[in-house]
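# Observations on the three-dimensional arrangement
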Amino acid sequence: MRYIILLLILCVSGQLTKVTAQTNTASLLQNKRFQFSPATVYPLTGKSRNVAGSGYFLQLRSDTLSLYLPYFGKSFSSFSNAFTKGGAFDETFIKNFTYTLQQNAKSSTINIAIQQGDVAKIIMTIYANGTADVSLQSNSRQPIRYFGQIGAVPIKRKLK
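A quick note: this is a predicted structure, and the numbers were derived from the prediction, not measured. (Residues numbered from 1 in each chain as written. Predicted model: local features only at pLDDT ≥ 70, side-chain atom pairs only at ≥ 80, totals over all residues. Heavy atoms only, no water.)

## Side note on the overall build of the chain
Of regular secondary structure, the chain possesses two helices and 10 strands. Sequence-ordered secondary structure for the chain, helices as α and strands as β, is α-β-β-β-β-α-β-β-β-β-β-β. The buried share of the chain, reckoned over its 160 residues, is 34%. Pairs at least 24 residues apart make up 47% of the contacts formed inside the chain by residues separated by at least 6 positions. Counting only carbon and sulfur atoms, one obtains 56% of the accessible surface of the chain, whose full area is about 10000 Å². (Helix = DSSP H or I, 4+ residues; strand = E, 2+ residues; numbered from the N terminus. Buried < 20%, exposed > 50% of the residue type's maximum accessible area, 1.4 Å probe, protein only. Contact = heavy atoms within 4.5 Å. Areas by Shrake-Rupley, 256 points an atom, 1.4 Å probe, with all protein chains shown as cover.)

## Side note on the side chain of S66
Looking at the element boundaries, S66 is found in strand β4 (residues 64-70). Setting aside chain neighbours within four positions, we find S66 in contact with F57, L58, Q59, E91, T92 and F93.

## Some points on the packing of aromatic side chains
Counting across every chain of the model gives one aromatic pair. One Lys or Arg, R145, reaches over the ring of Y42 and ends 4.8 Å from the middle of that ring. (Phe/Tyr/Trp six-rings, centres within 6.5 Å; stacked < 30°, edge-to-face > 60°. Lys NZ or Arg CZ within 6 Å of the ring centre and 35° of its normal.)

## Considerations on the pattern of salt bridges
Overall, the coordinates contain two salt bridges when judged by the stated rule. A salt bridge links D63 to K95; its shortest N-O distance comes to 3.8 Å. Taken together, the residues span a long stretch of sequence, with D63 in the loop between β3 (57-61) and β4 and K95 in the loop between β5 (88-94) and β6 (97-103) at a distance of 32 residues. Exposure remark for D63: the relative accessible area of 44% places this residue in the partly exposed category. Here R145 and D133 are joined by a salt bridge, their closest N and O atoms 3.0 Å apart. Of this pair, R145 sits in strand β10 (residues 144-151) while D133 sits in strand β9 (residues 131-138); the two residues are 12 residues apart in sequence, bridging distant segments of the chain. Taking the relative accessible area as the measure of exposure, D133 reaches 19% and is therefore buried. (Salt bridge = Lys/Arg side-chain N within 4 Å of Asp/Glu carboxyl O.)

## Remarks on a nonpolar patch on the surface
Residues Y42, Y127 and F147 make up a contiguous nonpolar surface patch of roughly 250 Å² in combined accessible area. When you line up the elements, Y42 lands in strand β1 (residues 33-43). Residue Y42 is classed as partly exposed on the basis of its relative accessible area, which comes to 30%. (Patch = residues over 30% accessible without salt bridge, like charges linked within 9 Å, V, L, I, M, F, W, Y side chains within 5 Å.)

## Notes on the environment of A39
Structurally, the position occupied by A39 is in strand β1. On a C-alpha basis, the gap between A39 and N50 in space is 5.8 Å, while along the polypeptide they are 11 residues apart. Residues contacting A39, with those up to four places away along its chain left out, are R49, N50, V51, A52, F147 and G148.

## A short note on the pairing of β6
One ladder, built from seven bridges, connects β6 with strand β7 (residues 107-114); its direction is antiparallel. Bridging from a neighbouring strand, F97 pairs with I114 of β7. Between β6 and the antiparallel strand that follows it, β7, lie three residues. (Pairing = 2+ DSSP bridges.)

As structure tokens, then:
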């Protein structure tokens, strides 16, 4: 009997954690204030690469988009930022973009169209557990995909 009660308690607490994670993820997306941290990169050609913990990010703070994401692939322009920025997408404080959010029961899709810089379009599929699949299309490079985690934007503390 004890095992049945213990099992029931574990199942209920697991469901509450799942609901809390879904609510938190939905809230981050609605408020347009979140950070994506990639764990794996999937170039159009070549092998996938693990980049977890490398400091790469895509960050949205309501009306400002910043990203620093690794890039592996071909560039179509010799004047691309791929050479000057070490093979990474490094765009900060992008203000000229549109954000569209579509939600359903299992996932949310965000479309971001950017009118400036090397990055043209970002498509994010975010699942209820906070994992995300991000496709990035460039004006001068092959498309690339990332898989990682969505979370709250870290709070920067000022040093005294």
